[in-house]
Amino acid sequence: MNLVSIRIITARLEELVKFYELVTGITAVQYTPDFAELKTSTTTLAIGSTKTLLFFGGDDVAKPAQNSSVIIEFKADDVENDYIRLDDVLQNSIVQKPTVMPWGNKSFLFRDPDGNLVNLFTPVTTEAAARFNGQNQ
């Protein structure tokens, strides 16, 4: 089994799509006015409007802008450069400036327009880099 996609449900699809395009540098593929995907080499970030909940059983299946337990993570080539590039745009939503974590990743944490926590990280120790050798690139 492979994890292939994470989906965000939002009431602000257009705003979230533009935000993630800016953060990742990836152009989203928007299949309908209510569904878009940003595809990386290893997984896909899908963004669906609240209207898509009708296909899953109704509005009570998921609630937009209420996540408080999941972090959306992207492995970056150079998180310091991403911090410099995004600092002005993310000023009010930065949670943590680039910091080396005990497991060897330098992480930059911020919130997207819906309040979801996002982590851009770069492995900076030999051990951390080895965990990603050939994966999640």
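A few points on the structure.

What follows deals with the layout of surface pockets. Within this model, the largest pocket holds a volume of roughly 730 Å³. What lines the largest pocket is a set of 27 residues, and nearest its centre among them are Thr-40, Thr-42, Glu-73, Phe-74 and Lys-75. Elements that contribute at least two residues to the lining of the largest pocket include exactly helix H1 (13-24), strand E4 (44-49), strand E5 (71-75), helix H2 (79-90) and strand E8 (117-123). For the lining of the largest pocket, a count of residues per class yields 14 nonpolar, eight polar and five charged. Put simply, the second largest pocket is a space of about 220 Å³. If you go around the second largest pocket, you meet 13 residues; those closest to its centre are Arg-7, Ile-8, Ile-9, Asn-67 and Asn-116. If you tally residues by element for the lining of the second largest pocket, the top one is strand E1 (residues 5-10), at four residues.

Let's shift gears to a nonpolar patch on the surface. Taken together, Phe-55, Phe-56 and Val-61 make up a surface patch of nonpolar side chains, about 370 Å² in accessible area. For Phe-55, the location among the structural elements is in the loop between E4 and E5.

The next thing to look at is the environment of Ser-107. Structurally, Ser-107 is set in strand E7 (residues 105-111). Put simply, Ser-107 and Val-124 are 17 residues apart on the chain and 9.9 Å apart in space, counted from C-alpha to C-alpha. Those residues in contact with Ser-107 that lie beyond four places of it in its chain are Gln-96, Lys-97, Pro-98, Thr-99, Met-101, Asn-119, Leu-120 and Phe-121. At a separation of 3.4 Å, a polar atom in the side chain of Ser-107 contacts the side chain of Asn-119.

So, on to H2. The end-to-end C-alpha separation of H2 is 14 Å, well short of the 16 Å expected for twelve residues at 1.5 Å each. Those residues of H2 lying buried are Val-79, Asp-82, Tyr-83, Leu-86 and Leu-90. Seen end-on, H2 carries its buried residues on one side only, within an arc spanning 100 degrees. In this structure, H2 carries Ile-84 and Asp-88 as exposed residues pointing more than 90 degrees from its buried face. Packing partners of the buried residues in H2 comprise H1, strand E6 (94-100), E7 and E8. A side-chain oxygen of the first residue of H2 lies 3.1 Å from the backbone nitrogen of Glu-80; this N-cap is Asp-78.

This paragraph deals with the sheet that holds E1. The strand order across the open sheet formed by four strands is E1-E4-E3-E2, and the pairing between neighbours is mixed. Edge positions in the sheet fall to E1 and strand E2 (29-32), since each has one partner strand and no second. Looking at each pair of strands side by side, their axes are set apart by 20 degrees on average, direction ignored. Packing of H1 onto the sheet brings it into contact with E1, E2, strand E3 (35-39) and E4, and relative to E4 it is tilted by some 160 degrees.

Membership of the largest hydrophobic core comes to 22 residues, with the highest contact counts inside it found for Tyr-20, Leu-45, Ile-47, Phe-74, Phe-108, Phe-110 and Leu-120. Of all the secondary structure elements, the ones that give two or more residues to this core are H1, E3, E4, E5, H2, E7 and E8. Top element by residues in this core is H1. It accounts for six residues. The contact partners of Leu-45, leaving out residues within four places of it in the chain, are Ile-6, Ile-8, Tyr-20, Ala-36, Glu-37, Leu-38, Ile-72 and Phe-74.

Another aspect to go through is the packing of aromatic side chains. Using the criterion set out here, one finds seven aromatic pairs in the structure. A ring pair is formed by Tyr-20 and Phe-74, whose centres lie 6.3 Å apart and whose planes are at 45 degrees; its orientation type is tilted. One end of the pair, Tyr-20, is in helix H1; the other, Phe-74, is in strand E5, and 54 residues separate them in sequence. Phe-74 gets classed as buried once you look at its relative accessible area, which sits at 15%.

The rules behind the values
Residues numbered from 1 in each chain as written. Predicted model: local features only at pLDDT ≥ 70, side-chain atom pairs only at ≥ 80, totals over all residues. Heavy atoms only, no water. 1 Å grid on protein atoms, 1.4 Å probe; cavity = no way out; pocket = protein on both sides within 12 Å on 5 of 7 lines; lining within 4 Å. Points joined across faces, edges and corners; volume = space filled by probe spheres on them. Helix = DSSP H or I, 4+ residues; strand = E, 2+ residues; numbered from the N terminus. Nonpolar A, V, L, I, M, F, W, Y, C, P; charged D, E, K, R; others polar. Patch = residues over 30% accessible without salt bridge, like charges linked within 9 Å, V, L, I, M, F, W, Y side chains within 5 Å. Areas by Shrake-Rupley, 256 points an atom, 1.4 Å probe, with all protein chains shown as cover. Salt bridge = Lys/Arg side-chain N within 4 Å of Asp/Glu carboxyl O. Contact = heavy atoms within 4.5 Å. Polar contact = N/O pair within 3.5 Å; in protein donor to acceptor, adjacent residues only side chain to side chain. Expected span 1.5 Å × (residues − 1). Buried < 20%, exposed > 50% of the residue type's maximum accessible area, 1.4 Å probe, protein only. Arc of directions from axis to C-beta. Pairing = 2+ DSSP bridges. Axes fitted to C-alpha atoms, helices over the stretch in contact; angles between N-to-C directions. Core = buried A, V, L, I, M, F, W, Y, C linked by side-chain atoms within 4.5 Å. Phe/Tyr/Trp six-rings, centres within 6.5 Å; stacked < 30°, edge-to-face > 60°.

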